[in-house]
Amino acid sequence: VGEGLRKFPEHCPGLTELRVGAGNSLGPDGAAGVASKGLMLTTLAIGADNAIGYKGAEAIALKCPQLTTLVIGSRNELGERGVLAIAESCINLTHIQVGGWQLTIPDNEPSSTIITYSGLLKELHVSDTLVEPDDLRAMAALCQDLTTLHLGASLGLGANGLRIVAQHLRSLTALTVGAHNSIGEAGTAALAEYAPGLRSLDFGGWNELGPGGIASIVKGCTGLTALSLGAWNSISDVGAAAIGASLHALTTLTIGDCNRIGDKGVQAITDKCWALKYLTIGEWNGVSDIGAQAITKLPNLSFLHIGNYNDTSATGEEALKAALPSVHVGDCRRIADVIHLQLGSRAGRSINLRVFNDTERTVCWDWVNSGLECVTYKSSLQPGQTWCQETFTEHPWRTCDVATQQELGRYLFNTSGLMPLSQLL
């Protein structure tokens, strides 16, 4: 659509928000055309593979200094010249995303260059790139006041990388480490030593944590209220016992598939973690009726999912539902279907849904009407909040990250119920 976008803004003089998807052949001329007419734009997002180059970036910087949100996807050939042009001219930016590096700057703070003002950052996402120790040291030196850090999957982080992060970012309260980063016990020991202020910790799968790694975390990060441990981390009943012994403030606990958590581990958690409200234990973990009975003693529980439980239990979920009448027992995948194609609303059966945001993202929810138009019903679902909505089984819903404007998913909901956002995503 590159050529078309050169003329498009002429017909929309009041346009304040524009998003161009990936691979649309925008090019430097298309970016310049948008910028020259986009005098009212405050939000501009250009997807990956649009080849706008440094000339396109310079045009945006020159013509759109009023931008507050700017997202430019990967492989757009900006180069240092393009990035610096944007940073120097767009002095009102509070959110910047260039390639895999995302910077969120607090309100009312200027940003004449990304580098100079990155010390103001409170939240940082790193993805789509391998990070070297020197990169991490530079980031940590510039962003010492970070409270929220998201490190994506397969960054090559390793135990040493996590140690660098923990040593320098002493203000962290929320940390996400994606899958396949080979953290191991040495990495978790660094967290325990240098990041005792963590309140939310999310480890993706295949990070080689083991029971020893969990023991390290719980000794140092005793104030955790939310803990998520991805699949294939070999937690075992020993690691679960460590969680139960130390993390008594937990309200949200997710243990992924294939972590060898059995009845003993579940009993150890439920004996002491009485503040738990949301508990998910993934598939192939071997929880039977004994472990399920222990879970029924949790006084504050409002959501429970045990993978494969019906396959190993004579009574299954029905008994749990009877024992926990005020708790939603089940799997989000039975409540919601993911939609991969455009689909507008049709007639359906009335249901009531509740989505609990157990993640660190702030998200919005849009209803997609019969004309494929998105109508926002919840503009800002904050971490820890629950969104309640009456809808219909044939009404599609779309959710996006408020900070990045990234679409996170499209869903049809099948039946009434409560579901944590982490499972939907």
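Up top is the structure these notes are about.
Residues numbered from 1 in each chain as written. Predicted model: local features only at pLDDT ≥ 70, side-chain atom pairs only at ≥ 80, totals over all residues. Heavy atoms only, no water.

**Student:** Go over the pairing of strand S1 (residues 17-20) with me, naming the residues and quoting the values.
**Tutor:** Residues Leu18 and Val20 line the buried face of S1, whereas the alternating positions Glu17 and Arg19 sit on a face that is not buried. As paired strands, S1 and strand S2 (residues 43-46) are joined by four bridges and run parallel to one another. Its bridge partner being in S2, Leu18 is matched across the sheet by Leu44. (Buried < 20%, exposed > 50% of the residue type's maximum accessible area, 1.4 Å probe, protein only. Helix = DSSP H or I, 4+ residues; strand = E, 2+ residues; numbered from the N terminus. Pairing = 2+ DSSP bridges.)

**Student:** Lay out the environment of Leu149 in plain terms, naming residues and giving numbers.
**Tutor:** On the secondary structure map, Leu149 appears in strand S7 (residues 148-151). Separated by 16 residues in sequence, Leu149 and Val165 place their C-alpha atoms 9.5 Å apart.

**Student:** Can you explain the sheet that holds strand S22 (residues 417-420)? Please cite residues and give values.
**Tutor:** Taken in spatial order, the three strands line up as S19-S16-S22 in an open sheet, and their pairing is mixed. Bordering the open sheet on either side are strand S19 (386-392) and S22, each of which pairs with just one other strand. Taking each pair of neighbouring strands and ignoring which way they run, the sheet shows an average axis angle of 25 degrees. (Axes fitted to C-alpha atoms, helices over the stretch in contact; angles between N-to-C directions.)

**Student:** Outline the environment of Gly344, supporting the account with residue identities and numerical values.
**Tutor:** On the secondary structure map, Gly344 appears in the loop between strand S15 (336-338) and strand S16 (350-356). The class of Gly344 is buried, set by a relative accessible area of 13%. Along the primary structure Gly344 and Glu394 are separated by 50 residues, whereas in three dimensions their C-alpha atoms are 8.5 Å apart. The contacts of Gly344, once residues within four sequence positions are left out, are Val368, Asn369, Ser370, Leu372, Glu394 and Pro396. (Contact = heavy atoms within 4.5 Å.)

**Student:** So what's going on with the pairing of S2? Which residues, and what values?
**Tutor:** Side-chain direction in a regular strand flips from residue to residue, so the side chains alternate between the two faces of the sheet. Side-chain alternation along S2 places Thr43 and Ala45 on one buried face and Leu44 and Ile46 on a second face that is also buried. With four bridges joining them, S2 and strand S3 (residues 69-72) adopt parallel strand pairing. The partner of Ile46 across the bridge, within S3, is Ile72. Crossover connection from S2 via helix H3 (residues 53-63) to parallel S3: handedness right-handed. (Right-handed = clockwise from strand over helix to strand, strands pointing away.)

**Student:** Any chance you could break down the sheet that holds strand S21 (residues 407-413) for me, citing the residues and the numbers?
**Tutor:** Spatially, the five strands line up as an open sheet ordered S15-S21-S20-S17-S18, and their pairing is antiparallel. The open sheet has two edge strands with one neighbour each: S15 and strand S18 (374-381). Adjacent strand axes in the sheet meet at a mean angle of 30 degrees, parallel and antiparallel pairs treated alike.

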